[in-house]
Every structure is written in C-alpha cells, then in structure tokens.
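# Structural overview
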Amino acid sequence: MSDDAAQIRTLITAWADAVHRGDLAGVLAGHAEDIVMYDVPPPHHGIHGLDAYGAAWPPFFAWQAQGACFDIETLDVTAGSDVAYAHALLRCATPEELAAHPALRLRLTFGLRKEGGRWLVAHEHHSFPHD
C-alpha cells in the first residue's frame, strides 16, 4: 500500500470513529471547505460547503445514540499524486434493523484531493441499496 493510500485509510478510519462517537469536530476534520455530500436523507440535490455538511450530522448523532452502529467492514483506496477515491461498506443500522436485514450495508464513496501535502475529503456519497 502506498503512503498516500495509507494516509487516506487513516483519515477515513478516524472520520468513521468520530461519527461513531458523535464527535462533530472529528467528523469535520480532514474535509474541504467546499465539500459536496450526497446523503441518504434529503436534500437530494446534495449538501454543499463545510458549514452545511456539519449541520447535517446532529440528527444522525441523535439517531445513532439510540443504539445504532457505524462500523466499517470494507475500505478500498485508490490514490494518485493529488487526487484519490475510496469506497467502503459499513454496518449502519439499529440492532433491530440488522436482525431483520442482516446483509444491510451503507455504501460510501469518497473523492479526495491533496492540498498543501494534506489529503482532504472533497466529496462523499452515502447510499443504501434500494430493494
């Protein structure tokens, strides 16, 4: 694994840990000011900018505090010299939801760019399969 891929893996793992803890500052760390996120809940046109991205997390933290998990199962990273992408599957559900649908996984895709020698997440896409 390249050093860039290892740095990105560390960045995404730290982000997921911050999400799991409900740590907004940790969730925002490593994200570009002009982040674009397409998320599961609306708005369907996406969330644009770091402030809007940060505002989207408190409702998720409240839901997660009811016992839901947010655990990376797979994470694959492809890194160039100044752009990269990663994709992951996560267990993201309440125990009841996982009992009813044990194969349910959240799909994540990240677009990253390197600025000043530091990797930043510039794009996130979160989705669940639609059955």
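Use the structure listed above.
## Focus: the layout of surface pockets
The computed volume of the largest pocket comes to approximately 250 Å³. In this structure, the largest pocket is lined by 13 residues; those nearest its centre are D39, V40, P41, F60 and H126. With four residues, helix α3 (residues 50–64) is the single largest residue contributor to the lining of the largest pocket. Considered class by class, the residues forming the lining of the largest pocket number eleven nonpolar, one polar and one charged.

## Looking at the pattern of salt bridges
What the rule picks out here adds up to six salt bridges. D23 is the salt-bridge partner of R21, the closest N and O atoms lying 2.8 Å from each other. Under the relative-accessibility criterion, R21 is labelled exposed at 54%. For D34, the salt bridge goes to R113, with nearest N and O atoms at 2.6 Å. Of the two residues, D34 sits in strand β1 (residues 31–38) while R113 sits in strand β5 (residues 106–115), which places them 79 residues apart along the sequence. Here R113 falls in the partly exposed class, since its relative accessible area comes to 24%. Through salt bridges with shared partners, one network takes in D34, R113 and E115.

Calculation notes
- Residues numbered from 1 in each chain as written.
- Predicted model: local features only at pLDDT ≥ 70, side-chain atom pairs only at ≥ 80, totals over all residues.
- Heavy atoms only, no water.
- 1 Å grid on protein atoms, 1.4 Å probe; cavity = no way out; pocket = protein on both sides within 12 Å on 5 of 7 lines; lining within 4 Å.
- Points joined across faces, edges and corners; volume = space filled by probe spheres on them.
- Helix = DSSP H or I, 4+ residues; strand = E, 2+ residues; numbered from the N terminus.
- Nonpolar A, V, L, I, M, F, W, Y, C, P; charged D, E, K, R; others polar.
- Salt bridge = Lys/Arg side-chain N within 4 Å of Asp/Glu carboxyl O.
- Buried < 20%, exposed > 50% of the residue type's maximum accessible area, 1.4 Å probe, protein only.

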